[in-house]
Amino acid sequence: MALIQKIDRSGVEPRTDGARAFLKRADKSMLIGGEWTNGRSARRLESIDPATGQHLATFPQATVGDVNDAVAAARACHEAGAWCSVVPARRAEIMWKIAELLDLHIDELAELETLDQGKPLAVGRWAEIPGAAAQFRYFAGMATKIEGRTITPSIDYQPEGKRVHAYTTKEPVGVVAAITPWNSPLIMYAMKLAPALAAGCSVILKPAEETSLTAIRLGELIVEAGVPAGAVNIVTGLGEEVGAALARHPDVDKVAFTGSTETGRAILDAAKGNLKKVTLELGGKSPVILLNDANLDLAVAGAANAIFFNAGQVCVAGSRLYAQDAIYDYVLDRLAEIGGRMVLGHGLKPETEMGPLVSAQHATRVAAMIKSGLEEGASLRTGGDTFGPLETFISPTLLADVGPDMKVVREEIFGPVLTCASFQDVDEVIDLANASSYGLAASVWTESLSAAHLITSQLRTGTVWINSHLMFDPSLPIGGYKQSGWGRESGQMAVENYLETKTVCAVV
Ligand code: NAD
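What counts as what
Numbering of residues starts from 1 in each chain and follows the order in which that chain's sequence is written. Restriction of local features to residues with pLDDT of at least 70 applies here, the model being predicted, together with a cutoff of 80 or more for giving and counting side-chain atom pairs; totals for whole chains, interfaces and linings are based on all residues. As a rule here, side-chain values cover all heavy atoms of the structure and leave hydrogens and water aside. Here the rule is simple: two strands pair whenever DSSP picks up at least two bridges between them. Segments assigned H or I by DSSP are reported as helices when at least four residues long, segments assigned E as strands when at least two residues long, and all are numbered from the N terminus. Each residue gets one of three labels from its accessible area relative to the maximum for its type: buried under 20%, exposed over 50%, partly exposed in between, using a 1.4 Å probe on protein chains only. What makes two residues a contact is simply this: any of their non-hydrogen atoms within 4.5 Å. Crossovers are marked right-handed if the path from the first strand over the helix to the second runs clockwise, as seen with the strands pointing away from the viewer.

*Asks:* Break down the pairing of strand β7 (residues 164–172) for me, with residues and values.
*Replies:* The pairing of strand β6 (residues 150–151) with β7 spans two bridges and is classified as antiparallel. What sits directly across from Thr150, in β7, is Tyr167. Examined bridge by bridge, β7 and strand β26 (residues 499–507) share nine bridges and lie antiparallel to one another. Paired with Lys170 across the two strands is Thr501, which belongs to β26.

Set out below in structure tokens:
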């Protein structure tokens, strides 16, 4: 049984002046064309603390008209060259300034993220917000390194005495809609905004309706950093209304989407009208493979972190454990011990190791998945409890002895729920690991260099960690095989998502 703190409001007020001042301001609004606005209607959405149900703030529920205004503002900025014609070194300076402002306001942002999303303060403070700043710094560096190539074609039919001079140039793709999920808001914004801004695009950011507060605060910092009006617009509202309007808008050139595979399919459908470019970072069901010779202290701690970090609300969470038969029982005992010891509570309390899930609706879905696993014959090694004022807390849960056809093994749960199975040999575990419609990430834990690389080469996933899980860096591309997505974010190639290549072929 996990250690459960009393979930109340005592001691969970934000400590930073910045977070308190932000929450006190009644007028949370959207950023369109450099102006803060409530949009065309009086409709508002409410942000609540998922741990306590406490009201935090309201923010605009945008209409399709607001989406049109934001797209028009982004288009006008682009056509006027207000951002894309700024010399790359200056763009880089402004992006670096955004990173500095994130650093400067890190405690405030971490508190806002915890209140709005539920995550333990340390997750935002030490991992996600530094990660967001790192994205802006990395892609600030890329802004000055966007280059075409000179090419010598083999065309031999040019007029006598002439030759062919050919080269490529890179140009921003134009107006980008960035649509993001609620699990790690700030880093998701950064993973899209940073490469898009480096490329010279104008962006409309649509944060998840569950967690829009830090998008609004980031917008203020972006303005302060000197990003011109219209280059970044922030529109808050519902996915099926605002997100869908962006995805189908004829004047949006590209959608950069992170979210569920189901919504990814809807985005593709909506985007087909003007065949806009689409990148999709979708769901996952990532295997964690422990071989008999693994360093078990590292592997067990790593496997626990892979599923319990951010309460399992991580696209690359290690949600399927495969431990080789000689170590299976030992690994499960140790994981159950770790899960059972974890301190659950409000994310602002320093002792909290796991916060609530993002909403009552999501927690109900996760609880139903646990129930379905038990009904299908999994055995509960620890966890399975739901509690808290909104029933948003779910204790770290191990479902043991699962079969490959169970729903809990096939479908993404996106909560602190680990399915566990044993295997005998390497071929068997490669088949088990690959038996998924997802292909986002995996980890392999072994002291054998050759086993690690042999398995890695056969896993159909966009990332494989060896003797680690959840290692991120802006330099490391991330994205999925199979139904986990299209394209990659982070890494040098990510900026290409926001660029067109123009081929110039001249007879001179
Ligand atoms: P979601 O798909 O429900 O929502 C994501 C975003 O899409 C939100 O902003 C939402 O408002 C918007 N949206 C919803 N319906 C829409 C529509 N019809 N048209 C356009 N936009 C729409 O996902 P979620 O529940 O917020 O996030 C959890 C999911 O995100 C999980 O599946 C997780 O694996 C995935 N995720 C993937 C990555 C990755 O990098 N691959 C990272 C984080 C999260």
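*Asks:* Describe helix α14 (residues 426–434), listing the residues and the values that go with them.
*Replies:* Listing the buried residues of α14 in full gives Val429, Ile430, Leu432, Ala433 and Asn434. As for α14, its buried residues are in contact with β13 (286–290), β14 (318–324), β20 (417–423), α15 (449–458) and β24 (481–482).

*Asks:* Before we move on, could you go through the pairing of strand β8 (residues 175–179) and cite the residues and values that matter?
*Replies:* Of all five residues in β8, five are buried, a share of seventy percent or more. Bridge count for β8 against strand β9 (residues 202–206) is five bridges, and the pairing is parallel. Each residue of the ladder has a partner; that of Ala178, found in β9, is Leu205. Following the chain from β8 across helix α6 (residues 185–199) to the adjacent parallel β9, one finds a crossover that is right-handed. Relative to strand β11 (residues 254–258), β8 runs parallel, the two sharing four bridges. By the bridge assignment, Ala177 is partnered in β11 with Val255.

*Asks:* Quick one: what's the story with the environment of Ile267, residue by residue and with numbers?
*Replies:* For Ile267, the position within the fold is in helix α9 (residues 261–271). Its relative accessible area of 5% is what places Ile267 among the buried residues. As a C-alpha pair, Ile267 and Ala256 span eleven residues in sequence and 9.8 Å in three-dimensional space. With sequence-adjacent residues up to four places away left out, Ile267 is seen in contact with Ile179, Ala247, Val255, Phe257, Val278 and Leu280.

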